[in-house]
Amino acid sequence: MARKVADLLWEMLQKAGVKRCYGIVGDALNPVIDALRRNGNVEFVHVRNEEYGVFAAVAESYFTGKPVAVCGTAGPGVTHLFNGLMDARKEGASIIAIAGDVESKLIDTAALEELNPYKFFDAAALYVGRIVNPEQARAVINTAITTAVIDRGPTVISLCGDVAASEAPDGMHTVAIPAKPVLRPADTDLEKLADLINEAKTVAIFGGEGCRDGRNEVLTLASKVKAPVGYSFRGKQWLEHDNPYATGMTGLLGYGGTYRAINGADLLLLLGTDFPFSEFLPDSKVKKVQIDTNPKHLGRRTPLDLALVGDVQATVAALLPKIREKNDTSFLEKHLAHTREFDELLSHYVDKGPGIKPIRPEYLAATLSALASDDAMFFADTGTACIWLARHIKGGANRRLFGSFSWASMANAVPNAFGAQLAYPGRQTIALCGDGGFTMLALGDLPTLVQRKARVVHIILNNESLDFVKIEQQEAGFIPFGVDFKNPNFARVAEAMGAKGIRLEDPDNVKDAITEALAYKDGPVVVDAVVDPYALSLPAHVPLHTAMGYTLSLAKQVLGGRLDDVIKTMERNVRLV
Ligand SMILES: Cc1ncc(C[n+]2csc(CCOP(=O)(O)OP(=O)(O)O)c2C)c(N)n1
Ligand SMILES: [Mg+2]
C-alpha cells in the first residue's frame, strides 16, 4: 500500500520521541488513526473528553521532557482541546495537537464542523500549520515538532481527512532535534552582576522553574553569599528540599520568611522565574537582577537594575568564580528563624488535626505527605488544593509536584496524574482534587482509568463548595454567592464505576484511609474526604457588617506580606466565632 500523508505524520512524530497520542477519534481523523494503528509505535490513549487528554499529555511532556501528541476532530472535538493547550503554553509543555479539519474542498464554505484553525488557536499555539496539500506535509509536520520541542509549548497540525488519506511524496522524512542549547549572558553583563553581588551587604534569591537544572549552582551561590532562598510554586520542587537556605514561598499561597527576605535585602536575584504577583516584589529600595532564558520575562513584573538572558545553571556556574565569599550570616539567620516560626504556625492544625471534625485539610495533606513514598508525584487542582500542596506537601530529591500553576485552570490534577502514571507506571501518583474540579473533568474519565488499571490516587477535598472562590469573594468584600453545591457520596460513585472508593469522614481514620489508598495496586482509588469548608475562611463566621471591613483588611494584610499575622489572627478566632 502506498505511504499516506497520515503515515508520514506518525513516522515523524515517532522519530521525534512521541510515545502517546491522547484524544478522541472521528470523521477527519479516521485516516489519521488508521495510520497510527498501522504504525504500531505510538500508543493511542482514548479519553472521554479531549481536554482531559491534553492535561494528561501536558504532565507527561513536562516530566519526561519529550513531545506528546493529542488529537481532536473537526470543530467541536478540536475546541475541546483548547483549554489544555493554553495550559501547555503556560506550563511550557511540548504538545503537538492534531486537529481534524473539514475536507479540503469544503474549506471556507461554512461547512458542518468547519473551524478556522488559525483564528481559533491563535492565543494558545506557538505554531499552526494547515495541511491542504501533501507536498506541504513534511515541512509543516517538521515545524510543528521542532517548535513544540525547542520552544516548549503547543503547536497545531490542522489536517483535512482527504489530505491525510492522500499519497505522501517520496523522500527523506527524518526529524533532526537539537539538544537544549546552552544560553549564557555576555561577559560584560556577568562582570556587572558579579560587581553588584560583591558590593551588596545582603543578597536574597528568588527562584522558579528555570532552576530545574541549576539547583546545585543556586545552592552553591546561596552558601557563598549567605542568601536566603525563596521560590515560586513552580520553583518549590527544585529548591525546597534539602536546602538549608530555604525560606519558603511568597504570594497569596505563601509561607515562611521569603517575603521579608526579598523585600529587606540590598540585592534580589530573580532566577528563572516569571512570578506574576508584582505586589509581593520589592520596590526600588532593593536592587533587582533577573536571569531568564526567555527575554520576554525580563522586567515585566518589576523594574530591574540588570537583566540577563541565560539559563540559570550555565549563568550561575560562570558567575561563581567571580563571587567573593561573604561571612556575615545574620541576614540569613534572621529570615531562617522567621521561616521556622512560620512552620510552627502552619503545624497548628496538623497537630490538632486528629481531634477536629470535619477533617482539617491541613491535617489531611500533611498526613499524605508523611505517608507517601520518597518518589511520589503529587498533582493539585486549582483551588484550595494548591494551598495545601504548597504548604503541607514536602518536596524531596525524587518527589515531583505539578499543577496548572501558571494557567490556573480547574480540573487539571487527575488528568495530569494520569499522564504521569502512563509515563512512569507503578510510581505513586496522587491527585489532590477539589470536588468542583473532580466533577468538572475527572469523574467522566474515571472509567478510562479503571479500564487501564491506572494507579491514580484521587484525594477529593469534599467541601461542597468552590471554596477558593468563596475565599476570594470574601477577601474582596463580597457576600459568597454561587459557590455552594451538593455532592453525592463519591466513594460509592467510584465503586459503581469499578474503582476503589474510600469515604473518609472521621479524623481518626485519616491515616488508615490514606495508607489503604496508597497501598492499592489494582487501579484508581478515590478517597472522598469530607473536609472543613471553613478551613481558611474565618470571615464566613463573622457578622456581615464586620465581615466586609474585616475581609478587606485581611486581603490588604496578605498583599502586604503579612500572611503570618493573618494566619495568627485566624488561628485565634476560627473556632471562637
Ligand atoms: C475552568 C475554570 N473555571 C473556573 C475557574 C475559577 N476558579 C478557580 S478555583 C475555583 C474553585 C475550585 O473549586 P473546587 O475544585 O471545589 O476546589 P476548592 O477550592 O473548593 O478546594 C474556581 C471556580 C478556573 N480557575 N478554571
Ligand atoms: Mg470544593
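Scoring rules and cut-offs
Residues numbered from 1 in each chain as written. Chains lettered and ligands numbered in written order. Predicted model: local features only at pLDDT ≥ 70, side-chain atom pairs only at ≥ 80, totals over all residues. Heavy atoms only, no water. Pairing = 2+ DSSP bridges. Helix = DSSP H or I, 4+ residues; strand = E, 2+ residues; numbered from the N terminus. Axes fitted to C-alpha atoms, helices over the stretch in contact; angles between N-to-C directions. Core = buried A, V, L, I, M, F, W, Y, C linked by side-chain atoms within 4.5 Å. Buried < 20%, exposed > 50% of the residue type's maximum accessible area, 1.4 Å probe, protein only. Contact = heavy atoms within 4.5 Å. Parallel < 35°, antiparallel > 145°, perpendicular 65-115°, else oblique. Left-handed = near helix turned anticlockwise from the far one by under 90°.

Caption draft 1: Looking closely at the sheet that holds strand E14 (residues 400–403). Spatially, six strands are ordered E14-E13-E15-E16-E18-E17 in an open sheet, and the strand pairing comes out parallel. This sheet does not close on itself; its edge strands, each paired only once, are E14 and strand E17 (500–504). Within this sheet the neighbouring strands show an average axis-to-axis angle of 20°, counted without direction. Bridge count between strand E16 (residues 456–462) and strand E18 (residues 525–530): six bridges; the pairing is parallel. Directly across from Ile-460, in E18, lies its bridge partner Asp-528.

Caption draft 2: How the structure looks around the nonpolar core. Counting 129 residues, the largest nonpolar core has Leu-85, Leu-269, Leu-364 and Phe-418 as its most contacted members. In terms of residue count, the dominant contributor to this core is helix H3 (residues 50–64) (nine residues). In contact with Leu-269, not counting residues within four places along its chain, are Leu-193, Ile-197, Val-203, Ala-204, Ile-205, Phe-206, Leu-221 and Val-289. Membership of the second largest hydrophobic core comes to 38 residues, among which are Ala-69, Cys-71, Ile-157 and Ala-168.

Caption draft 3: Main features of the pairing of strand E13 (residues 377–380). Of the two faces of E13, the one carrying Met-377 and Phe-379 and the one carrying Phe-378 and Ala-380 are both buried. The pairing of E13 with strand E15 (residues 429–434) spans four bridges and is parallel. Pairing of Phe-379 across the sheet is with Ala-431, part of E15.

Caption draft 4: Focus on the packing of helix H1 (residues 5–15) against helix H7 (residues 137–150). For the pair H1 and H7, the least separation of the axes is 10 Å and the interaxial angle reads 30°. Between H1 and H7, the angle falls in the class roughly parallel. Of the two elements, H1 crosses H7, and the hand of that crossing is right-handed. Here H1 contributes Val-5, Leu-8, Leu-9, Met-12 and Leu-13 to the contact with H7, which in turn contributes Ala-137, Arg-138, Ile-141, Asn-142 and Ile-145.

Caption draft 5: Region of the structure containing the sheet that holds strand E4 (residues 95–101). Taken together, six strands build an open sheet; the order of strands is E2-E1-E3-E4-E6-E5 and the sheet is parallel. Edge strands, defined here as strands with exactly one partner in the open sheet, are strand E2 (43–46) and strand E5 (127–131). For this sheet, the mean angle separating the axes of adjacent strands, direction not counted, is 20°. The pairing of strand E3 (residues 68–72) with E4 spans five bridges and is parallel. Within E4, the position partnered with Cys-71 by the bridge is Ile-98. Along the sheet, helix H2 (residues 30–39) contacts strand E1 (20–23), E2, E3, E4 and strand E6 (154–160); its crossing angle with E2, the most-contacted strand, is approximately 130°.

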